[in-house]
Amino acid sequence: HAAFCLGGLNYGTQDYIQQQITTIDKLLYPRDAKIYWRFYTAPLEGDPNAANFFYWTPDLINYFAEMFNYEVVEMIDDANNSIYSYWWSNNRSFF
């Protein structure tokens, strides 16, 4: 029910990022799924792929979470120009 994506979706177009999130979402059991993210807001110094970098913002994080039917439970600034975020599926069981 959980995925840890700590810095893996940082390159490509917005359509490509959406495809990658779709793949992650499909791997999870739909009820109670949780995704823990680290999104980079700028490339690391010396990154040879900086020209292809996807610049994450809080608005984009919220946009994608809503698109995939998740609630952003937590979003905080983290080290090295990154944002830590925790998403919880809106398809939940309440026992």
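Residues numbered from 1 in each chain as written. Predicted model: local features only at pLDDT ≥ 70, side-chain atom pairs only at ≥ 80, totals over all residues. Heavy atoms only, no water.

So, the pairing of strand β3 (residues 70–78)
Put simply, the test is: Here, a strand pair is defined by DSSP locating no fewer than two bridges between the strands. Only runs of H or I of at least four residues qualify as helices and only runs of E of at least two qualify as strands under DSSP, and these elements are numbered from the N terminus.
In this structure, β3 lies alongside strand β4 (residues 82–89), joined through 8 bridges in antiparallel fashion. Each bridged residue has a counterpart across the sheet, and for Val-72 the counterpart in β4 is Trp-87. As consecutive antiparallel partners, β3 and β4 are separated by 3 residues, and within that stretch Asn-80 has a phi angle of approximately 55°, a positive value.

Thoughts on helix α2 (residues 58–67)
Note that an α-helix has 3.6 residues per turn; residues three or four places apart therefore point the same way. To keep things clear, this is the line we draw: Accessibility here uses a 1.4 Å probe with only protein chains present; expressed as a share of the type maximum, an area under 20% marks a residue as buried, one over 50% as exposed, and anything in between as partly exposed. Comment: arc refers to directions from the helix axis out to C-beta atoms. In this description, contact between two residues means that some pair of their heavy atoms is separated by no more than 4.5 Å.
Buried within α2 we find Leu-60, Ile-61, Phe-64 and Ala-65. In a view along the axis of α2, the buried residues occupy a sector of 135°, so they form one face of it. Exposed and oriented more than 90 degrees from the buried face of α2 are Asp-59 and Glu-66. On its buried face, α2 sits against α1 (14–27), β2 (34–40), β3 and β4.

Brief notes about the pattern of salt bridges
Note the following rule: We count a salt bridge whenever a side-chain nitrogen from Lys or Arg sits within 4 Å of a carboxyl oxygen from Asp or Glu.
Taken as a whole and assessed by the stated rule, the structure comprises 2 salt bridges. Salt-bridge contacts for Asp-78 lead to Arg-38; the nearest nitrogen and oxygen are separated by 2.8 Å. Remark: Arg-38 occurs in strand β2 and Asp-78 occurs in strand β3; sequence separation between them is 40 residues. Judged by relative accessible area, Asp-78 falls into the partly exposed class, the value being 31%. When the shortest N-O distance is used, the salt bridge between Arg-92 and Glu-71 registers 2.4 Å. With Arg-92 in the segment after β4 and Glu-71 in strand β3, the pair connects residues that are 21 residues apart, well separated along the chain. A relative accessible area of 17% means that Arg-92 is categorised as buried. Taking the relative accessible area as the measure of exposure, Glu-71 reaches 34% and is therefore partly exposed.

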